[in-house]
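Per-entry structural report
The primary structure of each chain is shown beneath.
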Amino acid sequence: MNRNPKALSSQDMPGLKIPHTDPGIASAIVHRLLFHLFQAPAHKEIVIVCIGTDRSTGDCLGPLVGTSLSKLKSSSIYHLYGTLEEPVHAMNLQDTLDVIYSTHADPYVIGIDACLGQSSSVGCIQVSAGPLRPGAGVNKELPPVGDIHLTGIVNVGGFMEYFVLQNTRLSLVVRMAEVISHSLYDALTEWHKRVTLLAVQEQ
């Protein structure tokens, strides 16, 4: 038995995958996000990049999350890119990333996007370490995004992905976006509160 186990890092932590209907989903996502956030240096600026387009029901998860976060927004906690009004999508993703890294010094980036998966996983929300790879489900080569990422499995992948995204139930995407946005906001608010308190105690 190892009495001095090595502290678990973000990269070692397995990804969280949980149905959006699970009664404990908000708490599970908040706790997992806090774990990742406290792995990062406290001084880093938090940047959220919500990827997708309002022209496809399946691919509007990111912009819906961004719009919800923009209504909850506290500029002292995070910077937000990607809403229904100003989406971040395949055509402007690289330009947006260039702006982010020229505007914010060494930011901690949280990527958000929809994805396709197995039928048994539709409706699940995932929180994982490392960058998401937008466009992978529809065979697009796009730059990776995020130190960590959240994805919502909105429909079944493997066949006619563009058609599947266009014919995804909007009600499902909206419900998942609500869970992601409120859980992320709660986690960032709690993280900011703790970081601020620690900074005061250290003075």
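Above this text you will find the structure in question.
Residues numbered from 1 in each chain as written. Predicted model: local features only at pLDDT ≥ 70, side-chain atom pairs only at ≥ 80, totals over all residues. Heavy atoms only, no water.

A word on the state of the cysteines. Put plainly, a disulfide is one covalent bond tying together the sulfur atoms of two cysteines. Counting across every chain of the model gives zero disulfides. A disulfide-free cysteine, Cys60 has its sulfur positioned 12 Å from the sulfur of Cys50, the nearest such atom. No disulfide involves Cys124; its sulfur sits 9.6 Å from that of Cys115, the nearest cysteine. Judged by its relative accessible area of 7%, Cys124 falls in the buried class. (Disulfide = S-S within 2.5 Å. Buried < 20%, exposed > 50% of the residue type's maximum accessible area, 1.4 Å probe, protein only.)

Glancing now at the nonpolar core. Grouped together as the largest cluster of nonpolar side chains are 41 residues, with contacts concentrated most on Ile29, Ile46, Ile48, Ile110 and Leu188. Sorting the residues of this core by element identifies strand E1 (16–19), helix H1 (25–37), strand E2 (46–50), helix H2 (61–72), strand E4 (108–117), strand E5 (124–129), strand E6 (148–156) and helix H5 (170–202) as the ones contributing at least two each. Tallying contributions element by element places H5 first for this core, with 11 residues. Residues contacting Ile46, with those up to four places away along its chain left out, are Leu37, Ile77, Tyr78, His79, Tyr108, Ile110, Leu188 and Trp191. Within the second largest apolar cluster, 11 residues are counted, among which are Val49, Leu93, Leu132 and Val145. (Core = buried A, V, L, I, M, F, W, Y, C linked by side-chain atoms within 4.5 Å. Helix = DSSP H or I, 4+ residues; strand = E, 2+ residues; numbered from the N terminus. Contact = heavy atoms within 4.5 Å.)

A few words now on H2. Because an α-helix completes one turn every 3.6 residues, residues spaced three or four positions apart along the sequence face the same direction. In a regular helix each residue adds 1.5 Å, so 12 residues correspond to 16 Å; H2 covers 17 Å between its end C-alpha atoms and thus fits that length. Burial analysis of H2 places nine of its 12 residues in the buried class, which makes it a mostly covered element. Where H2 is concerned, the buried positions are Leu61, Gly62, Pro63, Leu64, Val65, Gly66, Thr67, Ser68 and Leu69. Next to the buried residues of H2 lie E2, strand E3 (79–81), E4, E6 and H5. (Expected span 1.5 Å × (residues − 1).)

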